[in-house]
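Below are the chains, spelled out letter by letter.
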Amino acid sequence: MSEDLKTVPNYLTTARLIMAPLLWMVALLRMPIWLGVGLIITGLTDIFDGYVARKLNQSTSLGSALDSLADNILIISMVIWLFLLRPEVLTGHPILLLAAISIALTSLLVGLLKFRQVANLHLYSAKVFGVVGHVFVIHAFLWGAYSKILFYSAISLWLLSSIEAFVLQLARPQIDKRMKSIIHVYFARHKA
């Protein structure tokens, strides 16, 4: 297991985990521009860790778990940072945000109850949400206001990815980290 940590992709993921407390300090000091810059860096490490893992054939279950942990910590943190630094995002859309947060937490809870772990589903919809969500939050911090188009795009993708993960976890007897989408699972099932 310690050898798994000594791979380039896991160094990138670990750097993202280490940055989370640093970004919290920046957020608490109310420095949204620096927080936006830090989120650009975490976003790039998130993109490159998976790419490097595939290119160097260094994909590991530990790396996948660390990546999901870092993603979940940063997503939850970004919602809280928005509340602290751009409260108009949350106060302007309380019902929609409550629905998105509830569905995302329910999906995580289903994984914990059914599989006794957070299901590390690396779905395409979650990847697209991650990119659009990052762009939305970074834009809100760097420009001092938020884009409604980016907001509705991000929240729609968050709902879609959470619902997709929820349905797959309910329907599947075990976690399959190779599932890319409901469509992928459907065609793989009917191909066999």
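Here is what the cut-offs are and how they apply
- Residues numbered from 1 in each chain as written.
- Predicted model: local features only at pLDDT ≥ 70, side-chain atom pairs only at ≥ 80, totals over all residues.
- Heavy atoms only, no water.
- Phe/Tyr/Trp six-rings, centres within 6.5 Å; stacked < 30°, edge-to-face > 60°.
- Helix = DSSP H or I, 4+ residues; strand = E, 2+ residues; numbered from the N terminus.
- Buried < 20%, exposed > 50% of the residue type's maximum accessible area, 1.4 Å probe, protein only.
- Axes fitted to C-alpha atoms, helices over the stretch in contact; angles between N-to-C directions.
- Parallel < 35°, antiparallel > 145°, perpendicular 65-115°, else oblique.
- Left-handed = near helix turned anticlockwise from the far one by under 90°.
- Contact = heavy atoms within 4.5 Å.
- Nonpolar A, V, L, I, M, F, W, Y, C, P; charged D, E, K, R; others polar.
- Polar contact = N/O pair within 3.5 Å; in protein donor to acceptor, adjacent residues only side chain to side chain.
- Salt bridge = Lys/Arg side-chain N within 4 Å of Asp/Glu carboxyl O.
- Patch = residues over 30% accessible without salt bridge, like charges linked within 9 Å, V, L, I, M, F, W, Y side chains within 5 Å.
- Areas by Shrake-Rupley, 256 points an atom, 1.4 Å probe, with all protein chains shown as cover.

Student: Please clarify how the packing of aromatic side chains should be interpreted in this entry.
Tutor: Aromatic ring pairs: the centre-centre distance and the angle between the two ring planes describe each pair. Going through the model one piece at a time under the given rule, you end up with 6 aromatic pairs. Ring geometry for Phe129 versus Trp158: centroids 5.7 Å apart, planes at 5 degrees, classification stacked. Linking Phe129 in helix α7 (residues 124–143) with Trp158 in helix α8 (residues 148–171), this pair joins segments that are 29 residues apart in sequence. By the burial criterion, Phe129 is buried, and Trp158 matches it. Ring geometry for Phe136 and Tyr146: centres 6.2 Å apart, planes at 85 degrees, overall edge-to-face.

Student: Which parts of the structure should I look at to understand the packing of α7 against α8?
Tutor: Helix-helix packing is characterised by the crossing angle of the two axes and by the distance between the axes. Axis separation between α7 and α8 bottoms out at 8 Å; the angle between their running directions is 150 degrees. With respect to α8, the axis of α7 lies roughly antiparallel. With respect to the hand of their crossing, α7 and α8 are arranged in left-handed fashion. In this structure, α7 uses Ser125, Ala126, Val128, Phe129, Val132, Gly133, Val135, Phe136 and His139 to contact α8, whose residues at the interface are Leu150, Phe151, Ser153, Ala154, Leu157, Trp158, Leu160, Ser161 and Glu164. Split into classes, the residues belonging to the contact of α7 with α8 amount to 12 nonpolar, 5 polar and 1 charged.

Student: Hey, could you run me through the side chain of His93 in this one?
Tutor: By secondary structure assignment, the location of His93 is in the loop between α5 (87–91) and α6 (94–115). For His93, the side chain forms a polar contact with the side chain of Tyr146, separated by 2.9 Å. Beyond its immediate stretch of four places on either side in the chain, His93 contacts Tyr146, Phe151 and Tyr152.

Student: What is the right way to read the pattern of salt bridges from this model?
Tutor: A side chain with one charge can pair with a side chain of the opposite charge if their charged atoms come near. Taken as a whole and judged by the stated rule, the model has 4 salt bridges. The salt bridge partner of Asp46 is Arg16, with a shortest N-O separation of 3.2 Å. With Asp46 in helix α3 (residues 32–55) and Arg16 in helix α2 (residues 8–28), this residue pair connects regions lying 30 residues apart in the sequence. Judged by relative accessible area, which is 26%, Asp46 ranks as partly exposed. With a relative accessible area of 1%, Arg16 lands in the buried category.

Student: What is the right way to look at a nonpolar patch on the surface in this model?
Tutor: A grouping of Leu29, Met31, Ile33, Trp34, Val37 and Ile41 is seen on the molecular surface, where their side chains present a nonpolar patch of about 580 Å² in accessible area. Within the secondary structure layout, Ile33 lies in helix α3.

Student: What's the story with the packing of α3 against α7 in this structure? I'm lost.
Tutor: Orientation of α3 relative to α7, taken along the N-to-C sense of each, is 155 degrees, at an axis distance of 7 Å. Classified by the angle between their axes, α3 and α7 sit roughly antiparallel to one another. The element α3 and its partner α7 pack so that their crossing is left-handed. Mapping the contact onto sequence places Pro32, Ile33, Leu35, Gly36, Val37, Leu39, Ile40, Thr42 and Gly43 in α3 and His134, Val137, Ile138, Phe141 and Leu142 in α7. Looking at side-chain class alone, the contact of α3 with α7 contains 10 nonpolar, 4 polar and no charged residues.

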